[in-house]
Amino acid sequence: MNLALFIPEITLLVIAAIVILLDLFIEQKRWLAQVSISGLVIAGGVTIAMWGGSYPAIFNNMLAVDNFAIFFKMLFLGIAFLVILSSTDYVSKFSKFQGEYYALVLLATLGMMLMAATTNLIAIYIALELTSISLYALVGFLKDKKSTEASLKYLLLGAVASAVLLYGMALIFGFTGKTQLGEIAQVIQSLPPMTLLASPGLLLGIVLLVAGFGFKIAAVPFQMWVPDVYEGAPTPITAYLSVASKAAGFAVILRVFFSAFGLPVWLSLNWGLIFAALAAISMTVGNIIAIPQANIKRMLGYSSIAQAGYLMVGLAAMGMASAENILGQSGVLFFLASYAFTNMGAFIAIIAISNKLNSDLIEDYSGMGKRAPLLALALTLCLISLIGMPPAAGFMAKFYIFNAAIQNGLLWLVIIAVINSVVSAYYYLRVVKVMWLGEAASAEKVPSSGALRLALLLCCIGVLLLGVIPGYAIRLAQLAANIFAY
Amino acid sequence: MLTNYGYIGLFLIAVVLFTLFMVIIPIALRFLKIVPHNPNPIKNSTFECGMETIGRTWVQFNFHYYFYALIFLALDVLVVFLYPWAVNLRALGFASFVAVIILVAIILVGYVYAWKKKVLEWK
Amino acid sequence: MVIGLQHYLILSAILFSIGLYGVLAKRNAVIILMCIELMLNAVNITLVAFSRYVVPAMLTGQVFAIFVIVVAAAEAAVGLAIILAIYRGFEDIDVSKIDLLKW
């Protein structure tokens, strides 16, 4: 076993422990953010250096070190970097607990990196819980009524979802006798179709897995927690949840469903159909309920449900696709990357604005175009990207994923998705309209710190780059998805 | 393929009917006077062994017990892993020893944290 | 009667359903947490039973169960901490009264 391949994860763990201990022994708390960021940079550097190589799996085949895992590790490290940058002001709201905050963010990132890399049911469960438990605590960090309530809801629903997921895993383990994804696939493929059909245990297990993972990616009907948690949680954590936690869920779904249940064809057609149905319901419900929302965090919560729907179009395409067609998978990866930049950007702008306003209501954003033109411009760009209009990244992402769906005969789903995109334009553009055309309540400028501005700038550059010259990023996504070609 | 979903639909109908049945039975029995209904104070009193409770049964505990329970829990969970390792110590070799040391070190960070946060002091 | 795999599976399915019912029907947050523990332990029974009857030579299921126990303990610890925070804010742990956030 080659421990060198595990260095990014080890770095994060060590840095998290150091941050906790440093917090106990030093007075200058601003060092904590710097230590955390340096840890992320080291881990990111090592991860990037590993890109493209073909390495053996480590820890008795528990963790794969392939391009897919490395792609997601880079994504998670980047998101965590932006989250910590954007938290540097926000932590003044809980200044006594800064060390714990940064350490928990790092540990959640560690959990997500493991989620993207694991190829074993046991390890998937542990990585998922490491992520979830860190996030439960982070959601309640403000310690006011709303935040603790959000945290309690997230904990109770999340624990039930993970119990359901676990039951599904137990059934799959019982049916195949294996926990290694590759071995499960071998057992399933070696059985005659009639045996598979006659044993509902496996199918029930797969359905329960969909339910458990559906909670993580916030798909309807497992979305009840999303708006409440998004509204109550500290805003950087809301951003983190909406982007990284969702991406981690999709990483696990892609790997599990492709490596374990990719063949025989009728099985993948079946779960492809399930995802297609979930996608249609998710986008419709998310977009329609988002329209009347008055709180922008809550609106973006519903919008993230809708975005999960668009992403699941890619999963459905993957289920319907023939063996060598990886458009669906690479579409999901590219969409996740562009969604990460877009939503992080939107939330960072919201953090900067609500730091001044102390309010998340859309009507209070009135006249932001005059009070803080740059922030308003960045938020507008991100919202345009969420609609899926050029030149922003969201356009290319949607284009790519819908193209994959059409090629695999899912025209009806794409029609629903396009109608939904049009509906969604209404509530996104409403925010834009309020910001630029509304009357400003006061002429006071909205200040923002250097770290926030840097994070916002990075996001906007990312959104524009992926939107205007997407070729390189698409190539990366294809290379990462290549492990799924049979 | 679709017939399989049909079976699931049948199961669903059966489940709904069964649940409705279970809910309706006691109501129906009560309605038909098969189940007697004559409450009295002794029957309604809380059934517990020993003395009757004075005040609410949900007594508040001192907050500090929770921290102690938490600290114990960390040790408890550590032992879950230590025990299988200790039983098979010779066969597992040096690598597992290192792994266990790392595990203990992680738990130790938690204890240092609790210590510095003055959780172990009983006021 | 010989106790076989299916008896364990039925037992665990019943326990899981009782836990799920409790989660949905109970209003005290601590009891909901206990019901979640019940669900996880039902899964543990399934895992160990499958491991014993399907792959008797391996200990996969038992190892899985140990990890589940540990994770459940961590979850309960965090859960109780959150419930304490709720009690400080709301003076109550009845989940039907914790309803600041709704659409």
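Residues numbered from 1 in each chain as written. Chains lettered and ligands numbered in written order. Predicted model: local features only at pLDDT ≥ 70, side-chain atom pairs only at ≥ 80, totals over all residues.

1. A word on the overall build of chain A
On a plain count of helices and strands, chain A comes out with 20 helices and zero strands. In summary, chain A has a C-alpha radius of gyration of 21 Å against a globular reference of 23 Å for 486 residues, a match within 12%. Taken along the three principal axes of its C-alpha coordinates, chain A extends 70 × 55 × 40 Å. The proportion of buried residues among the 486 residues of chain A is 63%. A separation of at least 24 residues holds for 80% of the contacts in chain A among residues at least 6 apart in sequence. (Helix = DSSP H or I, 4+ residues; strand = E, 2+ residues; numbered from the N terminus. Rg over C-alpha atoms; globule rule 2.2 N^0.38 Å. Buried ≥ 20, exposed ≤ 12 C-beta atoms within 10 Å, placed from the backbone. Contact = placed C-beta atoms within 7 Å.)

2. Here we look at the interface of chain A and chain B
If you look at the interface, chain A gives seven residues, while chain B gives six residues. For the side of chain A that touches chain B, the secondary structure elements donating two or more residues are α1 (7-25) and α12 (265-290) of chain A. Here the side of chain A that touches chain B takes four residues from α1 of chain A, the largest share from any one element. Of the residues in the side of chain A that touches chain B, the class split is six nonpolar, one polar and no charged. (Nonpolar A, V, L, I, M, F, W, Y, C, P; charged D, E, K, R; others polar.)

3. What to know about the nonpolar core
For soluble globular proteins, the rule of thumb is that nonpolar side chains tend to be buried together. If you look at the biggest cluster of nonpolar residues, it comprises 234 residues, and the most contacted ones within it are Ile-79, Val-313, Ala-316, Ile-348 and Ala-349 of chain A together with Val-43 of chain C. Of the residues that make up this core, three or more belong to each of domain 1 (1-163 + 225-249) and domain 2 (262-486) of chain A. When residues no more than four places from it in sequence are discounted, the contact partners of Ala-316 of chain A are Gly-272, Phe-275, Ala-276, Ala-279, Ala-405, Leu-410 and Leu-413 of chain A. (Core = buried A, V, L, I, M, F, W, Y, C linked by C-beta atoms within 7 Å. Domains from an automatic or database assignment.)

4. Quick notes on the domain arrangement of chain B
Domains assigned within chain B are domain 1 (2-52) and domain 2 (64-116). Each of domain 1 of chain B and domain 2 of chain B has a C-alpha centre, and these two points are 46 Å apart.

5. Description of the domain arrangement of chain A
Residue and element names in this part refer to chain A. When cut into domains, chain A gives domain 1 (1-163 + 225-249) and domain 2 (262-486). Spacing between the C-alpha centres of domain 1 and domain 2 amounts to 22 Å. Across the contact, 24 residues belong to domain 1 and 35 residues belong to domain 2. Secondary-structure elements contributing two or more residues to the side of domain 1 that touches domain 2 are α3 (67-90), α10 (225-232) and α11 (235-259). Considering every element that reaches the side of domain 1 that touches domain 2, the biggest residue donor is α3, with eleven residues. Taken together, the residues of the side of domain 1 that touches domain 2 break down into 14 nonpolar, six polar and four charged.

6. Side note on the confidence of the model for chain A
Residues with a pLDDT of 70 or more make up 99% of chain A, whose mean pLDDT is 88. Looking across chain A, the model is least confident in helix α8 (residues 193-198) of chain A, with a mean pLDDT of 73, and most confident in helix α5 (residues 121-139) of chain A, with 94. (pLDDT = per-residue confidence, 0-100.)

7. A closer look at the interface of chain A and chain C
Facing 32 residues of chain A, the contacting portion of chain C comprises 34 residues. For the side of chain A that touches chain C, the secondary structure elements donating two or more residues are α5, α6 (145-176) and α10 of chain A. With 17 residues, α6 of chain A is the single largest residue contributor to the side of chain A that touches chain C. In terms of residue class, the side of chain A that touches chain C is built from 18 nonpolar, seven polar and seven charged.

8. Notes on the environment of Phe-16 of chain C
Relative to the elements of secondary structure, Phe-16 of chain C occurs in helix α1 (residues 5-25). For the pair Phe-16 of chain C and Met-39 of chain C, spaced 23 residues apart in sequence, the C-alpha separation works out to 4.6 Å. Those residues within four positions of Phe-16 of chain C in sequence are excluded, and the remaining contacts are Tyr-167 of chain A together with Met-39, Ala-42 and Val-43 of chain C.

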